[in-house]
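# What the coordinates show
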Amino acid sequence: IPGTPPTPPETTVTDKYAYAFDIDGVLIRGGRPIPEAIEAMKWLNGENPYGVKVPYIFVTNGGGKTEQERCIQLSKQLEMEISPGQFICGHTPMREMAEQYKTVLVVGGEGEKCRQVAEGYGFKDVVTPGDIIKDNQDTTPFRKLTKEEYENSRARNFAEVEIEAIFVFADSRDWACDQQIILDLLMSKNGRLGTRSETFDEGPPVFFSHNDVVWSASHDLTRIGMGALRVSLEAMFKAVTGKNLETTAFGKPQIGTFQFATRLLQQWRKDTHGIDSPPDTVYFVGDTPESDIRGTNEYDQHSENNWYSILVKTGVFEAGTKPRFTPKATVDTVLDAVKHGIEREY
Ligand code: G3P
Ligand code: MG
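Residues numbered from 1 in each chain as written. Chains lettered and ligands numbered in written order. Predicted model: local features only at pLDDT ≥ 70, side-chain atom pairs only at ≥ 80, totals over all residues.

### Quick word on the sheet that holds strand 14 (residues 248-249)
Convention followed: Strands were regarded as paired on the criterion that DSSP finds at least two bridges between them. Each helix is a run of DSSP H or I of at least 4 residues and each strand a run of E of at least 2, with the numbering of both proceeding from the N terminus. Contact definition: two residues whose C-beta atoms, as placed from backbone geometry, lie within 7 Å. Lines fitted to C-alpha atoms define the axes, with helix axes restricted to the stretch in contact, and inter-axis angles between N-to-C directions lie between 0 and 180 degrees.
What the five strands build is an open sheet, ordered 9-8-10-11-14; its pairing is parallel. What marks the edges here is a single partner per strand, and that holds for strand 9 (125-127) and strand 14. Bridge analysis of strand 8 (residues 103-107) against strand 10 (residues 165-168) gives four bridges, and the strand direction is parallel. By the bridge assignment, V107 is partnered in strand 10 with V168. Lying over the sheet, helix 6 (residues 175-186) contacts strand 8, strand 10 and strand 11 (206-208), oriented at roughly 155 degrees with respect to strand 8.

Right, dumping it as structure tokens:
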């Protein structure tokens, strides 16, 4: 009948496969959506020629805000609703360590945000570098707290405090200051500021929420990230003490992060789509060979289902070079990645 719009295909949710997305360099760059990202999400939500809806989650190494806050921001950027039930950031798995350590130093991020994240995870006593400078401003000779920082920081006598672990939750906003304080603790007796160990092996453990040496921000070229701080800290510890420093990184490519993602996806598929069985294939779309592709490929070896790595060219990976870890597919954008997986299933 002339004038009648074509009937859209009925959409059904697939239980056979699912998607997991990296964020920076795949969906977002410098706070703005990558142009194809919005269309890619529409495809997954059923606006595609196959009439299929595909469940998906987000696995970013980024952080510095609560999962809730990150999801509100991402929902605005991608013009759709994203729930914390489908979202993991670099520090999310750290919440499982809240019972293990009482007093912890939390480093990185804007203002008091990371303290709030850590307290939200259940950490009992969270110290920031600002608290330490407030107690003794000679800690950092070239850095004074602003009025706001001074007011937000918590006064206490650190000569009486043992800091049991150091968590780098987000990128340091002041490398010199944060590294000085971390180094002081690493060289201390049992995390007590103002003391010096004779053996330099009595300091607290250091955990990084990820190990990306570079990442994709608004600049055309990659920018240094948390993994660079880790390299720097380890080199500095060696230069000052002559000893090697062992630190631990969470996030991708760690297997633990992919196991966490598997549990999240399972719960998400069950709660929102009523799917009880695991998917045959999870398509992971990323821009960083060392984190996204390496992690997906290694996890694929361990996992009962298939984890299929797709590398995009909108972030860290530079077209024309050979990635250090080989993806199952390389495509231009996240929209091509979504089309690639869906088409492969038919
Ligand atoms: O700081 C965040 C960055 O290193 C990577 O984030 O989303 O690409 O895993 P993402
Ligand atoms: Mg990325």
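### A look at helix 1 (residues 35-44)
Condition: Burial is judged by counting the other C-beta atoms within 10 Å of a residue's own C-beta: 20 or more makes it buried, 12 or fewer makes it exposed, and any count in between marks it as partly exposed, with every C-beta position built from the backbone. Think of the arc as the fan of directions from the helix axis to the C-beta atoms.
Among all positions of helix 1, only E36, A37, A40, M41, W43 and L44 are buried. Here the buried residues of helix 1 occupy an arc of 150 degrees about the axis, which is enough to place them on one side. After helix 1 finishes, the residue G46 shows a positive phi value of roughly 110 degrees.

### Side note on the environment of T248
Inspection of the secondary structure assignment puts T248 in strand 14. Residues T248 and E160, spaced 88 residues apart in sequence, show a C-alpha to C-alpha distance of 27 Å. Apart from residues lying up to four places away in sequence, T248 is in contact with P205 and F207.

### Focus on the packing of helix 8 (residues 255-273) against helix 9 (residues 289-302)
When two helices pack together, you describe them by how their axes are tilted relative to each other and by the distance separating the axes. Put simply, the rule is: Convention used here: angles under 35 degrees read as roughly parallel, angles over 145 as roughly antiparallel, angles from 65 to 115 as roughly perpendicular, and any remaining angle as oblique. Put simply, Ala, Val, Leu, Ile, Met, Phe, Trp, Tyr, Cys and Pro go in the nonpolar bin, Asp, Glu, Lys and Arg in the charged bin, and everything else, Gly too, in the polar bin.
Between helix 8 and helix 9, whose axes approach to 9 Å, the crossing angle comes to 70 degrees. Comparing the axis directions of helix 8 and helix 9 gives the class roughly perpendicular. Residue-level inspection shows I255, T257 and F258 of helix 8 in contact with helix 9, the latter providing G295, E298, Y299 and H302. Partitioned by chemical class, the residues of the contact of helix 8 with helix 9 number three nonpolar, three polar and one charged.

### Structural notes on helix 9
Note the threshold: For a helix, the expected span equals 1.5 Å multiplied by the number of residues minus one.
Taking 1.5 Å per residue as the helical rise, helix 9 with its 14 residues ought to reach 20 Å, and the 19 Å between its terminal C-alpha atoms agrees with that figure. Residues of helix 9 that are buried make contact with helix 8, strand 15 (281-286) and strand 16 (306-312).

### Some words on the sheet that holds strand 6 (residues 56-59)
Strand order in this open sheet of six strands is 7-6-2-15-16-17, and the pairing throughout is parallel. At either margin of the open sheet sits one strand with a lone partner, and together these are strand 7 (87-88) and strand 17 (329-331). Pairing of strand 2 (residues 17-21) with strand 6, which is carried by three bridges, proceeds in the parallel orientation. Opposite A20, over in strand 6, you have I57 as the bridge partner.

### Quick word on the nonpolar core
Put simply, the test is: We define a nonpolar core as a collection of buried residues of the types Ala, Val, Leu, Ile, Met, Phe, Trp, Tyr and Cys that are connected via C-beta atoms lying within 7 Å of each other.
Y19, A20, F21, L27, I57, V285 and V334 are the most contacted members of the largest nonpolar core, which totals 49 residues. Setting aside residues no more than four positions away along its own chain, F21 makes contact with V26, L27, Y56, F58 and V285. If you look at the next biggest cluster of nonpolar residues, it comprises 35 residues, including I132, I163, L233 and A249.

These results come straight from atomic positions and should not be treated as a statement about function.
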